[in-house]
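Residues per chain are reported as follows:
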Amino acid sequence: MPQCKGSEVIVDFLLREKISHVFGVCGHGNVGMLDALYGVRDKITLISPRHEQTAGHMADAYFRVKHHPAATLTSCGPGSANLVMALMNAYADSSAFLALTANVPTQQFNRGPFQELYRQKEADFPSVCRPIVKRSFQPTRVEMLPLALRLAMETMLGGRPGPVQVDIPFNLFQETAEVNPEPAAGTARPKRPGAAPEDLERALEMLARAKAPVLFIGHGVTLAEAARELTAFAERLTIPVIASPNGMGCLPMNHPLSLGFIGRNGAYPANQAGRHADLVLAIGARFDDRSASSWMEGYSWNFPATKLIHVDIDVAEIGRNYPADLGIVADARVFLRQMLAELERRGSERPERKEWLTAIAGWRAEWEDYIRPNFAIDTTPIRPEPLVAAIRKVLPDDAIISLDSGVHHNWFMQFWEARRPQTMLNAWGFSAMGFGVSGILGAKLAAPERVCVSVCGDGGFTMTPHVLCTAVEYDIPCIWVIWNNFAWAAIRDIQYGLFGGREIGTAFYAGENRAPYNPDFAALARAHGVAGQTITRIGDFAPALEAAIAGGKPAVLDVHVDAEVRPPATGAWALPPIPHKEPVFGRRLRAADLALPASR
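Asks: Is there a simple way to think about the overall build of the chain in this case?
Replies: Along the chain, the regular secondary structure elements total 23 helices and 22 strands. On the principal axes, the C-alpha backbone points of the chain span a range of 70 × 70 × 45 Å. For the chain, the proportion of its 600 residues judged to be buried stands at 58%. Taking the contacts inside the chain whose residues are at least 6 apart along the sequence as the reference set, 77% of them involve residues at least 24 apart. Accessible surface, the chain as shown: approximately 23,300 Å² in total, 53% of it carbon and sulfur.

Next comes the structure, spelled out in structure tokens:
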């Protein structure tokens, strides 16, 4: 067997697995690996952002768009510690990347050298990452690298995707050994499990008896690339579809069967359908607190009166928050294909569900009558609804938007119309600020032919403004639309609503008069060499966004948005023990109030 440096083993692995991008920041701990990447710079692109968190978010978003992993490379100590936020965000949202973290040389383990975590266990950084990755590996000899890397790849992509860490002591990059090759892991997701025949039969029987069924889809449908099968299945059985943010677009949201998002900031028809449904078929969805109105009966769902079929590739998610009448461990696409094939075999007719669809049409009309006038309001600062509508009107259907946590995300959950899968990237489960701001760079690298726009809060943008440096250095033509309301407005609104209107620490002020303050984001952009424009009237926004797209260069649009207008709650959200607020539009309806149609 040939003598190989550890860094050469890693590079060979990346090439064989067709990992074409590495996002990382240099440090003394990984300089030996940087030298190996120099030798393959025509095959593997190294992007070096100004912060490791951004590197991780770029890799996360890259996978969400391409469903093919990228790698990150970070140095020992603080360099890899800065990656923790991004690992948490990817892990919570079932996104994947290969985190190559450097550590101190094995010869110095447990001596407390520069940047070693050693007081509980030698070279103990993997202990920091274990709760937030699918698996952590720490090879300590060059000969151990091939197996660790193959297992890392298979673990990362097998079943429910997630990030994986390979922690590599410094000396392994430069030491040599005779290395036994491992077979290629292959980046295609292995072995998609399917449902048992008896479970398919029971699911179809339950659906046939249901008078008011809904589909609830999450990121599992997106990850399985099951949009075509989902659409065919919903149309075949005439079942309305409710989507989590990471499932949006799997059924085009302008489709007659699409109801949008559910929960506090969901659409009223979705919450009404959830409350009235007699059967829910959930596929690749978790029933987290925001999509279940904190699991309080009658605000979004009415389990257990409503029957539940819960399909997920991860058995641990089935029945976590609501007991399932039928739990099925299966890949979303395989399950939907099985169901369609069984319907075809049976020659089942398409049910009309006239009464159910008529009720939904009535809720749509009520909701439209309530919200539509707000889309025509022209104010300074800009009202949120026409801004969301203007972005939708300008962007092509295949454009990718990324969103951080914040009040702007609440508006997009309620009113965005995603028309294709993998076009709305959300920091949902862990809700890391900086994901949308940074991740849009990775999205653009994954899909260079598509328009990529980060819609980000002013708070989130100021956490990671250095993304502009990276956009210029590597000529990544993303657009940042800064939702500038001079506050951590989502949290300020919670203070206002739950603490008697008192506010401290959630809005941005400066000067003796405590005037609202933010930097001049357009000027900040220009200082980086990025086109920047401040917008205070809705009529100026669409032309500015169109010009930014046509310019083909990085651009920032600093949009002043009215912070005093809040998304109308149609469900609820609880922060115990504080009493929660009731919906602004619609009302709580428990199963006992509804006389749900029997689905048994």
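Asks: Could you clarify how one ought to interpret the pattern of salt bridges in this entry?
Replies: Oppositely charged side chains can form a pair if their charged atoms are brought close together. Applying the stated criterion to the full structure yields 30 salt bridges. A salt bridge links Asp475 to Lys553, with the nearest nitrogen and oxygen atoms 3.4 Å apart. With Asp475 in the loop between helix H19 (467–473) and strand S18 (479–484) and Lys553 in the loop between helix H22 (538–551) and strand S22 (555–560), this pair connects stretches of sequence that are 78 residues apart. Take Asp475: its relative accessible area is 45%, and that puts it in the partly exposed class. Residues joined in a network through salt bridges with shared partners are Arg160, Asp314, Glu317 and Arg320.

Asks: When you look at helix H17 (residues 435–446) in this model, what are you seeing that I'm missing?
Replies: Note on helix geometry: an α-helix contains 3.6 residues per turn, so any two residues three or four positions apart are oriented the same way. Taking 1.5 Å of rise per residue, 12 residues should cover 16 Å, and H17 covers 16 Å from first to last C-alpha, within 8% of that figure. For H17, the buried fraction is high: 11 of the 12 residues fall into the buried class. When H17 is considered as a whole, its buried residues turn out to be Phe435, Gly436, Val437, Ser438, Gly439, Ile440, Leu441, Gly442, Ala443, Lys444 and Ala446.

Asks: Sorry if this is basic, but what is going on with empty space enclosed by the protein here?
Replies: The gaps of empty space that remain are located by a probe, the size of a water molecule, rolled over the atoms. In the structure shown here, the tally under the stated rule is 5 cavities of 30 Å³ or more. Taken as a whole, the largest cavity spans an internal volume of roughly 320 Å³. Lining the largest cavity are 28 residues, with Ser94, His219, Gly220, Gly284 and Asp312 positioned closest to its centre. Sorting the residues of the lining of the largest cavity by element identifies helix H10 (219–223) and strand S13 (307–312) as the ones contributing at least two each.

Asks: It is not clear to me how the nonpolar core should be interpreted in this structure. Could you clarify?
Replies: The nonpolar side chains of a soluble globular protein tend to be buried, and buried together. Core analysis: the biggest nonpolar cluster contains 106 residues, and Phe233, Trp301, Phe335, Phe412 and Phe541 have the highest contact counts within it. If you tally residues by element for this core, the top one is helix H13 (residues 332–346), at 6 residues. In contact with Phe335, not counting residues within four places along its chain, are Ala195, Leu200, Leu281, Ile283, Val311, Ile328 and Ala330. Judged by nonpolar contacts, the second largest core, of 44 residues, contains Leu83, Ala446, Phe461 and Ile476.

Rules of the game
Residues numbered from 1 in each chain as written. Predicted model: local features only at pLDDT ≥ 70, side-chain atom pairs only at ≥ 80, totals over all residues. Heavy atoms only, no water. Helix = DSSP H or I, 4+ residues; strand = E, 2+ residues; numbered from the N terminus. Buried < 20%, exposed > 50% of the residue type's maximum accessible area, 1.4 Å probe, protein only. Contact = heavy atoms within 4.5 Å. Areas by Shrake-Rupley, 256 points an atom, 1.4 Å probe, with all protein chains shown as cover. Salt bridge = Lys/Arg side-chain N within 4 Å of Asp/Glu carboxyl O. Expected span 1.5 Å × (residues − 1). 1 Å grid on protein atoms, 1.4 Å probe; cavity = no way out; pocket = protein on both sides within 12 Å on 5 of 7 lines; lining within 4 Å. Points joined across faces, edges and corners; volume = space filled by probe spheres on them. Core = buried A, V, L, I, M, F, W, Y, C linked by side-chain atoms within 4.5 Å.

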